[in-house]
Amino acid sequence: LSRARARLQAASRRCLALSTRGRLCAEGAERGNPQPETPVRGERRGAPPIALEASKFCPPAHSCSDWIGPPDRCSNLRPIIFYIPENESPLEQRLRECRRETQVWNQQFWANQNVSFRKEKEEFIYARLKTKGLDVRNETGRKATLNAEEMAHFYKDFLSKNFKKHMHYNRDWYKRNFTITFLMGQVALERAWKRVGWKKERN
Amino acid sequence: MHLCRLANKGRITFQQLNFLKRRYVTQYKKDLSQRAQPKPELAAPPFLERKRMGQENTVVHEIRPVLPLHAPLPETSDSAGLKAQKLAVIDEDSAMAVEAESKEEKQWKEMKTELGDLPGILARLSKIKLTALVVSTTSAGFAMSPVPFDLTCFLLASVGTGLASCAANSINQYFEVPFDSNMNSTKSRPLVRGQISPLLAVSFAASCAVPGIALLTLAVNPLTGALGAFNIFLYTCCYTPMKRISIINTWVGAVVGAIPPIMGWTAATGSLDAGALLLGGILYSWQFPHFNALSWGLREDYSRGGYCMMSVTHPTMCRRVALRHCLALIGLSTLAPVLNITTWTFPVISLPINLYISYLGFRFYRDADRSRSRKLFFCSLWHLPLLLLLMLTCKKSLYEKNDRKELPS
């Protein structure tokens, strides 16, 4: 039984190269790639990965860890491509789903927040310049800006307008963060337990 | 990666076409979904798209020679006409996409913590420089206490406080990952960059907090341990969440900064007396010019990130409080000899630096601009160590104190 398990482990490691590529490069499927993905032995078809901005990045085939990318243009959050191991346990799957879902939720919130901030800031500047009778671009051709005191009014208004939204976000973020960390702890214990179990069997 | 690309080379043009179409559609849809009112608005997209066009123009010149190598796909006669029209426009876009894509690929990092990187990562996680400053204020509190200097106790208190500070800073960063990502000053933190997992960060914090507080409680005294534990709680469970709820967080944070010197004093003497509170008071007052000046330049980030800071919501009060506490430092320095902690030399020699920081505080209050806030902030960085040093040099010697104590009896 232990030999079979060892063989399975070795096989999962070998298949990782192809399964990773098949799974993580599933953006091709999202982008309407007409070629069907070549079925790979031992490939596990999990949920499609998060391609936050249809990123074409594919982690190397031999990698067994998550990959984190550059900050997203809108949300400033770094997207993660999650690694799905061959013998993923239900607990590990729950953790991955939780992290993936939190990533999507965070991305939506911050992208929305930053885009609306930028938009409202431009509108505020435009409106203020108009009331002053100035053009958006001054004599030198550069974009006219307001001084810090005038911008302070905008910052104060924006903060108070979004206060309730932030309250809800904070509460949810703390809950999710704790849940993910707790699951990570459980997964770590489960893996350690398994390793101890295999060692005992070998002995 | 290369293998992946070469295999797909024949289909690059078609894929890029779809990729770009999707990209355009996705962004367009995003703009639609973010509008507060459902009427069409072009205010936002031009600002974002104009930037991208600039990038396209700068990149195309370098890549143009490569384009003829792409073999066009055999297409059906129906779509050929449409595709041919789009291809000319798409060629430039695809060149930009290829360049941007390779740049982006290099920025993807494997989320594996190498043992060799771990010390550096943990140092940044625990804000080691801030921890060093906190430990030095604790040492100052220990040294100012009116008891013979005990080196072992001093080292234990410093190590214990340092560990407690590491733990508190790590938990703070653990709580604030998405907010830190969005602020320029904090976006290089380890958890934001994925250099360490949240579980590891929490484990590190626990493995610092438990030995640190145990060391303080058992090897120093229970009072110092209790203060250390309370300070960790105050910083992680009160100050950190309150940053996003109310401006009172600044006052809570000032208390957090005031406790370490008190811990140093109680570590030496075992009791909480006037001297400890005075030192705590000096650190408490110092926090306001320091933090209020710092927060002045971060108003935009605070507003966007949802942080409730005086500099955003009550700018005048922010500057007034900073000035008030600069002046309070003069008063507290004068109180030191009254409480028998220092000689009367101390208020005299500390007057120049206290007056200087008060002057900068006054200019900040009156002018309210970025340069004034930076001046005040940088002044606060050297003002505190210098003040504590002067205090140490003017410390009332034990012999004088003992004489005074003996006289009444």
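Throughout, residues of each chain are indexed from 1 in the direction in which the sequence is written. All chains are assigned letters beginning at A, and all ligands numbers beginning at 1, according to the order in which they are written. Restriction of local features to residues with pLDDT of at least 70 applies here, the model being predicted, together with a cutoff of 80 or more for giving and counting side-chain atom pairs; totals for whole chains, interfaces and linings are based on all residues. To obtain the side-chain values, all non-hydrogen atoms of the structure were used and water was disregarded.

## Side note on the overall build of chain B
Item 1. Regarding its fold elements, chain B presents 18 helices and one strand.
Item 2. When each of the 409 residues of chain B is scored for burial, the buried share is 48%.
Item 3. All accessible areas in this document rest on Shrake-Rupley with a 1.4 Å probe, and a residue is counted as covered only by the protein chains that are shown. Summed over all atoms, the accessible surface of chain B reaches about 20000 Å², with 66% contributed by carbon and sulfur. Helix numbers and strand numbers start at the N terminus; a helix is a DSSP run of H or I with at least 4 residues, a strand a run of E with at least 2. Only protein chains enter the area calculation, which uses a 1.4 Å probe; residues under 20% of their type maximum are buried, those over 50% are exposed, and those in between are partly exposed.

## Quick notes on the environment of T138 of chain B
Residues and elements named next belong to chain B.
Item 1. By secondary structure assignment, the location of T138 is in helix α6 (residues 128–144).
Item 2. For T138, a relative accessible area of 2% translates into the label buried.
Item 3. On a C-alpha basis, the gap between T138 and P222 in space is 16 Å, while along the polypeptide they are 84 residues apart.
Item 4. Contact definition: two residues touch when any of their heavy atoms are within 4.5 Å. Residue contacts for T138: discarding those within four places in its chain leaves T161, P260, P261, M263 and G264.

## As for a nonpolar patch on the surface
Residue and element names in this part refer to chain B.
Item 1. The residues that make up patches have over 30% relative accessible area and no salt bridge, and they are joined within 9 Å when like-charged or within 5 Å when they are Val, Leu, Ile, Met, Phe, Trp or Tyr. Criterion for a salt bridge: a side-chain nitrogen of Lys or Arg within 4 Å of a carboxyl oxygen of Asp or Glu. A contiguous nonpolar patch, built from Y356, Y359, W382, L386, L389 and L392 and spanning about 540 Å² of accessible area, is present on the exposed surface.
Item 2. The element best represented in the nonpolar patch is helix α17 (residues 370–393), accounting for four residues.
Item 3. Note on placement: Y356 falls in helix α16 (residues 345–367).
Item 4. Residue classification places Y356 among the partly exposed residues on the basis of a relative accessible area of 38%.

## As for the nonpolar core
One recurring pattern in soluble globular proteins is that nonpolar side chains are buried together.
Item 1. Nonpolar cores are built from buried Ala, Val, Leu, Ile, Met, Phe, Trp, Tyr and Cys residues. Side-chain atoms within 4.5 Å join them into one set. In this structure, Y302 and M391 of chain B are the most contacted members of the largest nonpolar core, which totals 84 residues.
Item 2. What Y302 of chain B contacts, discounting residues up to four positions off in sequence, is L159 of chain A together with M183, F291, S295, Y307, M309, S311 and V312 of chain B.
Item 3. Among the nonpolar cores identified, the runner-up in size contains 17 residues, and F288, V321, C326 and L360 of chain B belong to it.

## Details of the confidence of the model for chain B
Detailed conclusions should not be drawn from predicted coordinates in areas where pLDDT is low.
Residues and elements named next belong to chain B.
Item 1. Looking at chain B as a whole, the pLDDT averages 82, with 76% of positions reaching at least 70.
Item 2. Think of pLDDT as the predictor's per-residue confidence, scored from 0 to 100. In this model, residues 23–76 is a region of pLDDT below 50 whose contacts with residues beyond four sequence positions or in other chains number 41 contacts.
Item 3. In the predicted assembly, ipTM is 0.73 and pTM is 0.74.

## Structural notes on the domain arrangement of chain A
Residue and element names in this part refer to chain A.
Item 1. Note that the domain bounds were set by an automatic or database domain assignment. Taken domain by domain, chain A consists of domain 1 (1–87) and domain 2 (88–203).
Item 2. The interface is formed by 24 residues belonging to domain 1 together with 20 residues belonging to domain 2.
Item 3. Run the count over domain 1 and domain 2 and you get one salt bridge.
Item 4. The definition of a polar contact used here is a pair of N or O atoms within 3.5 Å, where within protein one atom must be able to donate a hydrogen and the other to accept one, and adjacent residues in sequence count solely through side-chain atom pairs. In this assembly, domain 1 and domain 2 are joined by eight residue pairs in polar contact (both at pLDDT 80 or more).
Item 5. In the scheme used here, Gly and all other residues not listed as nonpolar or charged are polar, with Ala, Val, Leu, Ile, Met, Phe, Trp, Tyr, Cys and Pro taken as nonpolar and Asp, Glu, Lys and Arg as charged. Class assignment for the residues of the side of domain 1 that touches domain 2 results in twelve nonpolar, five polar and seven charged.

## A few points about the UniProt feature "transmembrane region" (unreviewed entry) in chain B
All names here are of chain B.
Item 1. UniProt positions are given in the numbering used here, feature names are shortened, and annotations may be inferred rather than shown by experiment. Residues given the UniProt feature "transmembrane region" (unreviewed entry) here are residues 223–240, 247–268, 344–364 and 376–393.
Item 2. Secondary structure over residues 223–240 splits into 100% helix and 0% strand, and the C-alpha atoms at its two ends are 24 Å apart.
Item 3. Helix makes up 100% of residues 376–393 and strand 0%, and the two end C-alpha atoms of the span are 25 Å apart.

## As for the packing of aromatic side chains
Item 1. Pairing of aromatic rings covers Phe, Tyr and the six-membered ring of Trp, with a centre-to-centre limit of 6.5 Å; geometry is then stacked below 30 degrees between planes, edge-to-face above 60, and tilted otherwise. The tally for this structure, following the rule as stated, stands at 27 aromatic pairs over all chains.
Item 2. Here the aromatic rings of F178 of chain A and F175 of chain B are separated by 5.9 Å at their centres, their planes lie at 85°, and the arrangement is edge-to-face. Pair noted here: F178 of chain A is in helix α5 (residues 163–202) and F175 of chain B is in helix α7 (residues 151–175), and the two residues belong to different chains.
Item 3. Note on F178 of chain A: relative accessible area 45%, which makes it partly exposed.
Item 4. Judged by centre distance (5.5 Å) and plane angle (15°), the ring pair of Y235 of chain B and Y239 of chain B falls under stacked. Of the two residues, Y235 of chain B and Y239 of chain B both sit in helix α10 (residues 222–242), four residues apart, roughly one turn of that helix. Judged on exposure class, the residue Y235 of chain B and its partner Y239 of chain B are both buried.
Item 5. Here the aromatic residues W105, F109, W110 and Y169 of chain A together with F179, Y302 and Y307 of chain B are joined through ring pairs into a cluster of three or more.
Item 6. Remark: a charge is flagged as sitting over a ring if the NZ atom of Lys or the CZ atom of Arg is within 6 Å of the ring centre and within 35 degrees of the ring normal. Residue placement shows R176 of chain A over the ring face of W105 of chain A; its charged tip is 4.2 Å from the ring centre.

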